[in-house]
Amino acid sequence: EVGPARVWLRTSWIPGLAMSRVIGDTVAHSVGVVAEPEVSTHELDDKDRFLVVATDGVFEFLSNHDVASIVGRCDTAEMACRVLVQESAARWERDGGGIADDITVVVAKFSGSD
């Protein structure tokens, strides 16, 4: 097992992408990865406190629950981003053998949320 489902070339262990959508990666496109997005909608309500958009480098070692728990404890979106990046990097260091994938995070905290 190599973690989440990944896209590989038939003849080698590249690119090994843990994604199904990508823009501009012609190698991944050659093995079936597309740029067409999956779109869904969610009607916000009073229970929605924040939105997190992050790369697979964050979710390699942090579950959705871990991410929500971290963001929920932070006072600002900027603090949440910093803590998520730091925690992701620490997990990559500890569990990923010191090699880290890209770690990018955007957090939006909604008005009226704590």
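Check the entry above for the structure.
Computed from a prediction, not measured in an experiment: that's the story for all the values here.

Rules of the game
- Chains are numbered independently. Their residues run from 1 in the order of the written sequence.
- Under the rules for a predicted model, residues below a pLDDT of 70 receive no local features and side-chain atom pairs below 80 are neither given nor counted, while totals for whole chains, interfaces and linings still include all residues.
- Calculation of side-chain values draws on the structure's entire complement of heavy atoms; hydrogens and water are dropped beforehand.
- Here a strand is any run of E in DSSP of at least two residues, a helix any run of H or I of at least four, and the numbering for each starts at the N terminus.
- Here a polar contact means two N or O atoms within 3.5 Å. Within protein one must be a hydrogen donor candidate and the other an acceptor candidate, and residues neighboring in sequence count only if both atoms are side-chain atoms.
- Pairs of residues are marked as contacts when any of their non-hydrogen atoms sit within 4.5 Å.
- Here, nonpolar core refers to any group of buried Ala, Val, Leu, Ile, Met, Phe, Trp, Tyr and Cys residues whose side-chain atoms link them within 4.5 Å.
- Exposure classes here rest on a 1.4 Å probe applied to the protein chains alone. A residue is buried below 20% of its type maximum, exposed above 50%, and partly exposed in between.
- Note on definitions: salt bridges are taken to be side-chain nitrogens of Lys or Arg within 4 Å of carboxyl oxygens of Asp or Glu.
- Working rule for helices: expected span equals 1.5 Å times residues minus one.
- In this context, the arc is that of the directions from the helix axis out to the C-beta atoms.
- When the sulfur atoms of two cysteines come within 2.5 Å, that pair is taken as a disulfide.

A. Local environment of the side chain of Ser88. Along the chain, Ser88 falls in helix α4 (residues 77–95). Of the polar contacts made by the side chain of Ser88, one reaches the backbone oxygen of Leu84; its length is 2.8 Å. Apart from the residues lying within four places of it in its own chain, the contact partners of Ser88 are Gly57, Val58, Leu62 and Ile103.

B. Representation of the nonpolar core. Judged by nonpolar contacts, Val58, Leu62, Val67, Ile70, Val71, Cys74, Ala80, Cys81, Leu84, Val105 and Val107 together constitute the single largest core of 11 residues. Among the elements of the structure, α3 (64–73), α4 and β4 (105–109) are those that each provide at least two residues to this core. For Val67, the contacting residues outside a window of four places in its chain are Val52, Val58, Phe59, Leu62 and Leu84.

C. Geometry of the pattern of salt bridges. Under the criterion given, the structure shown has 4 salt bridges. Of the charged contacts, one joins Arg91 and Glu87 as a salt bridge, the two residues approaching to 2.7 Å between their closest N and O atoms. Of this pair, Arg91 and Glu87 are both found in helix α4, 4 residues apart, which corresponds to roughly one turn of the helix. Taking the relative accessible area as the measure of exposure, Arg91 reaches 18% and is therefore buried. Residues participating in the shared-partner salt-bridge network are Asp66, Glu87 and Arg91.

D. Broad picture of α4. Here α4 contains 19 residues, and its C-alpha end-to-end distance of 26 Å stays within 8% of the 27 Å for a straight helix at 1.5 Å per residue. Three or more residues of α4 are buried, namely Ala80, Cys81, Leu84, Ser88, Arg91 and Trp92. Burial along α4 is one-sided: seen end-on, the buried residues are contained in an arc of 105°. Summarising the geometry of α4, the exposed residues directed more than 90 degrees from the buried face are Arg82, Gln86, Glu93 and Arg94. Summarising the contacts, the buried residues of α4 are in contact with β3 (50–54), α2 (56–59), α3 and β4.

E. Main features of the state of the cysteines. Scanning all chains against the criterion turns up 0 disulfides. Left without a disulfide partner, Cys74 is nearest to the cysteine sulfur of Cys81, which lies 9.0 Å away. Cys74 sits in the buried class, given a relative accessible area of 7%. For Cys81, a relative accessible area of 17% translates into the label buried.

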